[in-house]
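One-letter residues, chain by chain:
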Amino acid sequence: MSSQDRTGSRRAKVIPIAGLSIAGALALSGCTAESKNGWLPSTPDITNHTAGIIDLWVNSWITVLIVGLITWALIIWCIIAYRRRKGATGYPRQTSYNLPLEIFYTLIPLFMVLVFFHFTNVEQESINARVDNPDVTIDVRAKQWSFDFNYLEGNDIKESVYSVGVQAELDGKPIDKSTLPTLYLPINRTVELQLNSREVIHSFWVPAFLDKKDMLPGKTNYMTLTPTALGEYDGKCAELCGEYHSEMLFNVHVVTQEEFDARLAELKAKGQTGSIGQEYDRNPNLNATK
């Protein structure tokens, strides 16, 4: 047997084994809870948006994996079907073009891109949509290197109160999360977060919420959501904002309405009524003395 025949024989055995291994790995990975959520740091029941985001992410990956498997199968088929046969000489017959095939591989990718764009745009519009009359409105003020939270008077809040955040101190030891600034949100109530910065660009990020928005000096961005699961979630600034960026941490507590009301009453009892707004910003263009 020639070396070419032995190589072809080995290739014929390796290809099916590799294909079965890949298919088996994909099948086994689909059994885990993490894989069902696309290995995202969340679950569908955290907010009113997380289920849609996870579905879009997972379904997109399933689609591209199917396309990838079909593409690899066609490549391997071409390698086997059109390989040089023993004793063949010269080049095989060349085809300059194939109009139906060219139309096919132009329209199909275009169609896929438009479908991806449609579903992404629908989900993005849902995430960014504001509510005319939210149950709770909170002015979140980022600063070097912490967060202030102003719970503004509105439907569920009878009197504005605030809490002032203090920068975390990381020293290589486990951090006491109770010392971090904590944002309280009532479960199953529509919340509008008004995101502002006191001096430089920051970013509000709670990984479990699967949403992140920049906080820009002189501009208010908005995040509207409805928390749907009780719990404590980690948050941080996700925009490099200076020397102690890594210590700009905070907590989010999603609590019952009674616990939320108790938190507001606690802040009021401490004399933290009203709000600490842009008068404490460090933007010289906004606070210049005349």
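Structure's up top.
Residues numbered from 1 in each chain as written. Predicted model: local features only at pLDDT ≥ 70, side-chain atom pairs only at ≥ 80, totals over all residues. Heavy atoms only, no water.

With that settled, consider helix H4 (residues 99-128). Across its 30 residues, H4 extends 43 Å between first and last C-alpha, which sits within 8% of the 44 Å expected from 1.5 Å per residue. Two or three places before Leu-101, at the opening of H4, Asn-98 has a side-chain oxygen 3.1 Å from that residue's backbone nitrogen. (Helix = DSSP H or I, 4+ residues; strand = E, 2+ residues; numbered from the N terminus. Expected span 1.5 Å × (residues − 1). Polar contact = N/O pair within 3.5 Å; in protein donor to acceptor, adjacent residues only side chain to side chain.)

Here we come to the side chain of His-49. As for its placement among the helices and strands, His-49 is situated in the loop between helix H2 (33-36) and helix H3 (50-81). Under the relative-accessibility criterion, His-49 is labelled buried at 8%. Not counting the four nearest positions on each side in its chain, His-49 is found in contact with Glu-123, Ser-126, Ile-127, Thr-224 and Leu-225. (Buried < 20%, exposed > 50% of the residue type's maximum accessible area, 1.4 Å probe, protein only. Contact = heavy atoms within 4.5 Å.)

What follows is about the pattern of salt bridges. Inspection of every chain in the model, using the stated rule, returns 14 salt bridges. Here Asp-148 makes a salt bridge to Lys-143, at a shortest N to O gap of 2.7 Å. For Asp-148, a relative accessible area of 3% corresponds to the buried category. Between Arg-263 and Glu-266 there is a salt bridge whose closest N-O contact spans 3.4 Å. In this pair, Arg-263 and Glu-266 both sit in helix H5 (residues 257-269), three residues apart, roughly one turn of the helix. (Salt bridge = Lys/Arg side-chain N within 4 Å of Asp/Glu carboxyl O.)

Moving on, we get to the nonpolar core. Core analysis: the largest hydrophobic core is formed by 37 residues, its most contacted members being Ile-138, Phe-147, Tyr-151, Leu-193 and Phe-204. Among all residues touching Phe-204, those that are not within four sequence positions of it are Val-140, Phe-147, Leu-183, Leu-193, Leu-195, Asp-211, Lys-212, Lys-213, Met-215, Met-223, Lys-236 and Phe-250. Counting residues in hydrophobic clusters, the runner-up holds five residues, among them Ile-53, Ile-54, Val-58 and Ile-127. (Core = buried A, V, L, I, M, F, W, Y, C linked by side-chain atoms within 4.5 Å.)

Here the largest pocket is characterised by a volume of approximately 530 Å³. Lining the largest pocket are 18 residues, and of these Tyr-82, Pro-92, Arg-93, Gln-94 and Thr-95 sit closest to its centre. Looking at the lining of the largest pocket, the elements with two or more residues in it are H3 and H4. For the lining of the largest pocket, the element with the highest residue contribution is H4, accounting for three residues. Across the lining of the largest pocket, the residue classes break down as eight nonpolar, five polar and five charged. (1 Å grid on protein atoms, 1.4 Å probe; cavity = no way out; pocket = protein on both sides within 12 Å on 5 of 7 lines; lining within 4 Å. Points joined across faces, edges and corners; volume = space filled by probe spheres on them. Nonpolar A, V, L, I, M, F, W, Y, C, P; charged D, E, K, R; others polar.)

Turning next to the sheet that holds strand E2 (residues 146-152). Here five strands make up an open sheet; going across it, the order is E3-E2-E1-E5-E8 and the pairing mixed. Each having just a single partner strand, strand E3 (161-164) and strand E8 (221-225) make up the two edges of the open sheet. Across this sheet, the average inter-strand angle for adjacent strands is 20°, counted without regard to direction. Strand direction decides the pairing type here: E2 and E3, joined by four bridges, are antiparallel. Residue pairing across strands places Asn-150 opposite Tyr-162, the latter belonging to E3. Its contacts with the sheet put H5 on strand E1 (136-143), E2 and E3, and the angle it makes with E3 is roughly 80°. (Pairing = 2+ DSSP bridges. Axes fitted to C-alpha atoms, helices over the stretch in contact; angles between N-to-C directions.)

Don't take any of this as a statement about function, it's just geometry.
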